[in-house]
Amino acid sequence: MEKAGRMIWLILCLLCVSNSAHAEQHDRWYYEKNGDVVWEVKTKQKVVALTFDDGPDRLYTNQILDILKENNAKATFFVVGKRVKENPEVAQNIIINGNEIANHTFTHPNLNRINKSQLTKEIRDAEQTVLSTTGVRPSLFRPPLGHYNDEIISNVRENDYIVVMWSWHQDTYDWKNPGVKTIVNNVLSNICNGDIILFHDFGGDRSQTVQALEIIVPELKRKGYQFVTVSELLQEDAKFKFPLTEMN
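Residues numbered from 1 in each chain as written. Predicted model: local features only at pLDDT ≥ 70, side-chain atom pairs only at ≥ 80, totals over all residues. Heavy atoms only, no water.

S.K.: So what about the pairing of strand 3 (residues 75-79)? Which residues, and what values?
M.R.: Here strand 3 lies mainly inside the structure; five of its five residues are buried. Both faces of strand 3 are covered, namely the face carrying Ala75, Phe77 and Val79 and the face carrying Thr76 and Phe78. One ladder, built from four bridges, connects strand 2 (residues 47-53) with strand 3; its direction is parallel. Residue pairing for strand 3: Leu50 is matched across the bridge by Ala75. As a crossover connection, the stretch from strand 2 through helix 3 (residues 60-70) into strand 3 is right-handed. (Buried < 20%, exposed > 50% of the residue type's maximum accessible area, 1.4 Å probe, protein only. Helix = DSSP H or I, 4+ residues; strand = E, 2+ residues; numbered from the N terminus. Pairing = 2+ DSSP bridges. Right-handed = clockwise from strand over helix to strand, strands pointing away.)

See the structure below:
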């Protein structure tokens, strides 16, 4: 009985080691050096990339698009395929107004809880939905909840995407509704050339995000910043090659 218990314990230990190795995660600098993941881009140019996750949303995404258009600014929208299917006109407006659309999976799952084939399906279903709706095949991918490891990144790369995160000092936490002033101060007090700034256009009441953008965008513009898409920002760094494959 004691011997059997030890055998079970040994098997469990081996499984834990195997799972740990299977989902190994290097530090940020390893992924950046290899050009697999981007958090921000070093550049002398006064350019920044505004990004919006989890939409499109019929109300808030359209309000954000209006603000961008009024200020001659562009942004990158990391869309959820299911919501593109529900709001095709909004997804089309993203492209019509000169912005970039990127892949944020089809259903927004926790990637730590799904396997490789499920992740591939999430990526491809979202890709096909975006392509059939807008005529554009995305080349950038952002993992839901910011979860990543070697396996996830390898899978994303196999599907011909670059993983895009955000500048650590430019997470606005707008999804928590911290107050318009807090969102504005977070962005303006930390702004640097090449920043990738994280906002959300879906997930509850995003009116604080909209109100903050009405202040942030004109103020950064006044300070001489230009608003570019993430793909345009990545052109400042030779590690990233676009397009990754021939677009359809």
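S.K.: Summarise the pattern of salt bridges; cite the residues concerned and give the values.
M.R.: Under the definition given, this model contains 10 salt bridges. A salt bridge links Lys116 to Glu158; the shortest N-O distance between them is 3.2 Å. Of this pair, Lys116 sits in helix 6 (residues 116-134) while Glu158 is found in helix 7 (residues 150-158), placing the two residues 42 residues apart along the sequence. On the basis of relative accessible area, Glu158 is assigned to the exposed category, the value being 53%. The partner of Glu219 in a salt bridge is Arg222, with the nearest N and O atoms 2.6 Å apart. (Salt bridge = Lys/Arg side-chain N within 4 Å of Asp/Glu carboxyl O.)

S.K.: Report on the packing of helix 3 against helix 5 (residues 88-96), specifying residues and quantitative values.
M.R.: In contact at an axis separation of 10 Å, helix 3 and helix 5 are set at 15 degrees when each is read in the N-to-C sense. Our classification of the angle between helix 3 and helix 5 gives roughly parallel. Our pair here, helix 3 against helix 5, has a crossing hand that is left-handed. Across the interface between the two elements, Thr61, Asn62 and Leu65 of helix 3 pack against Val90, Asn93 and Ile94 of helix 5. Considering only residue class, the contact of helix 3 with helix 5 consists of three nonpolar, three polar and no charged. (Axes fitted to C-alpha atoms, helices over the stretch in contact; angles between N-to-C directions. Parallel < 35°, antiparallel > 145°, perpendicular 65-115°, else oblique. Left-handed = near helix turned anticlockwise from the far one by under 90°. Contact = heavy atoms within 4.5 Å. Nonpolar A, V, L, I, M, F, W, Y, C, P; charged D, E, K, R; others polar.)

S.K.: Residue-level account of the pairing of strand 2, with values.
M.R.: Within strand 2, seven of the seven residues are buried, which leaves the element mostly enclosed by the surrounding structure. The pairing of strand 2 with strand 8 (residues 226-227) spans two bridges and is parallel. Bridging across to strand 8, Val47 finds its partner in Gln226.

S.K.: Give me the lowdown on the nonpolar core, citing residues and values where you can.
M.R.: With 33 residues, the main nonpolar core has Leu50, Phe52, Leu68, Phe77, Phe199, Ile216 and Leu220 as its most contacted residues. Of all the secondary-structure elements, those providing two or more residues to this core are strand 2, helix 3, strand 3, helix 5, helix 8 (180-190), strand 7 (196-200) and helix 9 (207-222). Sorting elements by how many residues they give to this core places helix 9 first, with six residues. The residues contacting Leu68, other than those within four sequence positions of it, are Leu50, Ala73, Ala75, Phe77 and Asn99. (Core = buried A, V, L, I, M, F, W, Y, C linked by side-chain atoms within 4.5 Å.)

S.K.: Run through the packing of aromatic side chains, naming residues and quoting values.
M.R.: The relation between two aromatic rings is expressed through the spacing of the ring centres and the mutual angle of the planes. Counted by the stated rule, this structure contains seven aromatic pairs. Where Trp39 meets Trp168, the ring centres are 6.5 Å apart and the plane angle is 75 degrees; that geometry is what we call edge-to-face. Of the two residues, Trp39 sits in the loop between strand 1 (37-38) and strand 2 while Trp168 sits in the loop between strand 6 (162-164) and helix 8, which places them 129 residues apart along the sequence. What makes Trp39 buried here is its relative accessible area of 2%. Ring geometry for Phe141 against Tyr161: centres 6.4 Å apart, planes inclined by 70 degrees, an arrangement best described as edge-to-face. (Phe/Tyr/Trp six-rings, centres within 6.5 Å; stacked < 30°, edge-to-face > 60°.)

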